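Here are the chains, one letter per residue:
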Amino acid sequence: MSGLVLKLNPKERVLVNGAVIENGDRRSRLSILTPNANILRLRDAIRPDEVNTPVRRVCYIAQLVLSGDVAEEDAKLQILRGIEQLSQALRDDDSRIHLDAATEAAGQNDFYRALKALRGLLPREARLLAGHG
């Protein structure tokens, strides 16, 4: 996670290694220097009742690692299997870029970047599920 910079809005909350941190009254930047720190922006968090699509399911597994609720090794195989399943349905070039980035990140136990790559698929999935290709 070395070199990650988080730009936070006023009062924005972020989960860092299981601790909720709230920003102050001004925008700020945090540099995360510790490698493999588990980071989750709470504004981006998917709630259990929102896990209702294939992409959201894989995102949620990655999120559970970041929140400390699931061990990395337990989740890694599930994430990689989920990405493989998604790749059967999402075959366009843009989706492939996101899936490849998520696969590489998960393979390196970088679950923040895996989640970020997977979240990039959410708009495409929403269009497909709405029938707009």
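Refer to the preceding data block for the structure.
Nothing here was measured: the structure is a model prediction, and the numbers come from that model.

S.K.: I'd like a description of the environment of N17, backed by residues and values.
M.R.: The topology assignment puts N17 in the loop between β2 (13-16) and β3 (19-22). The spatial distance from the C-alpha of N17 to the C-alpha of R96 is 30 Å, given a sequence separation of 79 residues. The residues touching N17, leaving out its near neighbours within four places in the chain, are A37 and N38.

S.K.: Describe helix α3 (residues 93-107), naming the residues involved and giving the relevant values.
M.R.: If you check α3, its first and last C-alpha atoms are 21 Å apart, about what 15 residues at 1.5 Å a residue would give, namely 21 Å. Buried within α3 are the following residues: S95, L99, A102, A105 and A106. For α3, the arc enclosing every buried residue in end-on projection is 130°, short of the 170-degree limit, so these residues lie on one face. Summarising the geometry of α3, the exposed residues directed more than 90 degrees from the buried face are D93, I97 and E104. Looking at the buried side of α3, the elements it contacts are α2 (72-89), α4 (111-119) and α5 (122-129). In the stretch just after α3, N109 is the one whose phi turns positive, near 60°.

Calculation criteria
- Residues numbered from 1 in each chain as written.
- Predicted model: local features only at pLDDT ≥ 70, side-chain atom pairs only at ≥ 80, totals over all residues.
- Heavy atoms only, no water.
- Helix = DSSP H or I, 4+ residues; strand = E, 2+ residues; numbered from the N terminus.
- Contact = heavy atoms within 4.5 Å.
- Expected span 1.5 Å × (residues − 1).
- Buried < 20%, exposed > 50% of the residue type's maximum accessible area, 1.4 Å probe, protein only.
- Arc of directions from axis to C-beta.

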